[in-house]
Amino acid sequence: MTAPAATSFRHQAGRLWRLTERSGIHEVVVVVVSFLIYFLIRGSVVDRAGEAMVRGFNLIELEQRLGIYWELEMQSWILDHYWLIKTMNAVYFWGHMPLVIVLAVWLYIWHRRAYRLTRNAFLASGAIGVVIYWLLPVAPPRLIPFAGFIDTMAAFDRVGYNAQEAKAWVNPFAAVPSLHFGWSLLLAAVVAWVGRHPAFLVFGVAWPIAMFFSVIVTGNHFILDAVFGAIVSFAGLGVAFALERWWRPTWEALTARLLALEPVE
């Protein structure tokens, strides 16, 4: 390739790269690829119900030995109060992906560095999570027979239940770790960190507490699921910090050189 041709190619490539960054197209690509990987993992575990149920019973036994098997009692707190059931169902459904998307857009527009860090933490923790889901599928409380749990989403919120049970989107045996809780805790911490108003701090404390109770009382997770979800999510944050410190400067330097408008000698 001649020098003028190389310069023209790099100029066009640079324009395309900057366009995808400004428009967020590269973010859409990352999300699509991540979902495709998740679908592959999901398809490999949906027929492993037997081992998922056994692990669910084993988790109950572990919590009993630890003295923290409180899920049935916690669920009983809301069963006589219809408005509490609806509230916890709403927190579980609308406080997860819909709210995550809204806050991600807010971070992307107003706090780009925090957004990038959070995105990488989500991707890293999600990668850890899907490996665990594949290696060790675990049934949630609501699917364990004779355990005594009520699926409040199925019983009292058919719209939200049908949406979350769409076969193409949901892995029914992805109870451990609970990224439903872990991601809420992680993103709440980021929002409290970058926010400049006391309301953000209040939100950062209240949202994960509400989500913790909702994943338990709706019959979707055990207490240990939430604990493991928090550990995996903040492990992902550690990976994100490492990438930001060591990998990103190298990547930016390499990208700048490859897309330089001047031909490389």
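All figures in this text were calculated on a predicted structure; none of them were measured in a lab.

Chemist: In this structure, what is going on with the nonpolar core? I would like to understand it.
Modeler: Nonpolar side chains tend toward joint burial in soluble globular proteins. One finds Leu 107, Leu 187 and Trp 207 to be the most contacted residues of the largest nonpolar core, which totals 54 residues. Broken down by element, the residue count for this core peaks at nine residues, all from helix H10 (residues 179-194). Setting aside residues up to four positions removed in sequence, Leu 187 forms contacts with Val 100, Leu 103, Leu 107, Thr 118, Phe 122 and Trp 207.

Chemist: How do you make sense of unusual backbone geometry when you look at a structure like this?
Modeler: A negative phi angle characterises most non-glycine residues, just as the trans form characterises most peptide bonds. For the bond from Val 176 to Pro 177, the omega torsion is 0°, close enough to zero to count as cis. Along the chain, the position of Pro 177 falls in the loop between helix H9 (158-164) and H10. Residue Phe 146 is not a glycine yet carries a positive backbone phi of 65°. By the element assignment, Phe 146 lies in the loop between helix H7 (112-135) and helix H8 (152-156). For Phe 146, a relative accessible area of 87% translates into the label exposed.

Chemist: For this particular structure, what's the right way to read the packing of H10 against helix H11 (residues 198-217)?
Modeler: Helices that pack against each other are described as a pair by the angle of their axes relative to one another and the distance between those axes. Where H10 meets H11, the closest approach of the two axes is 8 Å, and the angle between their N-to-C directions is 175°. As far as their axial angle goes, H11 and H10 are roughly antiparallel. Residues His 180, Phe 181, Ser 184, Leu 185, Leu 187, Ala 188, Val 191 and Ala 192 of H10 form the contact with H11, whose own contacting residues are Phe 200, Leu 201, Phe 203, Gly 204, Trp 207, Pro 208, Met 211, Phe 212 and Val 215. Classifying every residue of the contact of H10 with H11 by side-chain character gives 14 nonpolar, three polar and no charged.

Chemist: What is the right way to look at helix H6 (residues 97-110) in this model?
Modeler: Since the α-helix advances by 3.6 residues per turn, residues separated by three or four positions end up pointing in the same direction. The end-to-end C-alpha distance of H6 is 20 Å, a good match for the 20 Å that 14 residues give at a rise of 1.5 Å each. Taken as a whole, H6 has its buried residues at Val 100, Leu 103, Leu 107 and Tyr 108. Down the axis of H6, the sector holding all buried residues measures 140°, keeping them to one side. Of the exposed residues in H6, those oriented more than 90 degrees away from the buried face are Ile 101, Val 102, Ile 109 and Trp 110.

Chemist: Sorry if this is basic, but what is going on with the packing of aromatic side chains here?
Modeler: For any two aromatic rings, the description comes down to two numbers: the centre-to-centre distance and the angle of the planes. Under the definition given, this model contains nine aromatic pairs. Consider the rings of Tyr 82 and Phe 156, whose centres lie 6.1 Å apart with planes at 65°: the pair is edge-to-face. Within this pair, whereas Tyr 82 is found in helix H5 (residues 82-94), its partner Phe 156 is found in helix H8, the two being separated by 74 residues in sequence. Pairing Tyr 108 with Tyr 115 gives two aromatic rings, centres 5.0 Å apart and planes at 85°, and the pair type is edge-to-face. With relative accessibility at 14%, the residue Tyr 108 sits in the buried group. Among the aromatic residues, those joined into a cluster by ring pairs are Phe 181, Phe 212 and Phe 213. Sitting over the face of the ring of Tyr 108, Arg 112 holds its NZ or CZ atom 3.8 Å from the ring centroid.

The rules behind these values
Residues numbered from 1 in each chain as written. Predicted model: local features only at pLDDT ≥ 70, side-chain atom pairs only at ≥ 80, totals over all residues. Heavy atoms only, no water. Core = buried A, V, L, I, M, F, W, Y, C linked by side-chain atoms within 4.5 Å. Buried < 20%, exposed > 50% of the residue type's maximum accessible area, 1.4 Å probe, protein only. Helix = DSSP H or I, 4+ residues; strand = E, 2+ residues; numbered from the N terminus. Contact = heavy atoms within 4.5 Å. Axes fitted to C-alpha atoms, helices over the stretch in contact; angles between N-to-C directions. Parallel < 35°, antiparallel > 145°, perpendicular 65-115°, else oblique. Nonpolar A, V, L, I, M, F, W, Y, C, P; charged D, E, K, R; others polar. Expected span 1.5 Å × (residues − 1). Arc of directions from axis to C-beta. Phe/Tyr/Trp six-rings, centres within 6.5 Å; stacked < 30°, edge-to-face > 60°. Lys NZ or Arg CZ within 6 Å of the ring centre and 35° of its normal.

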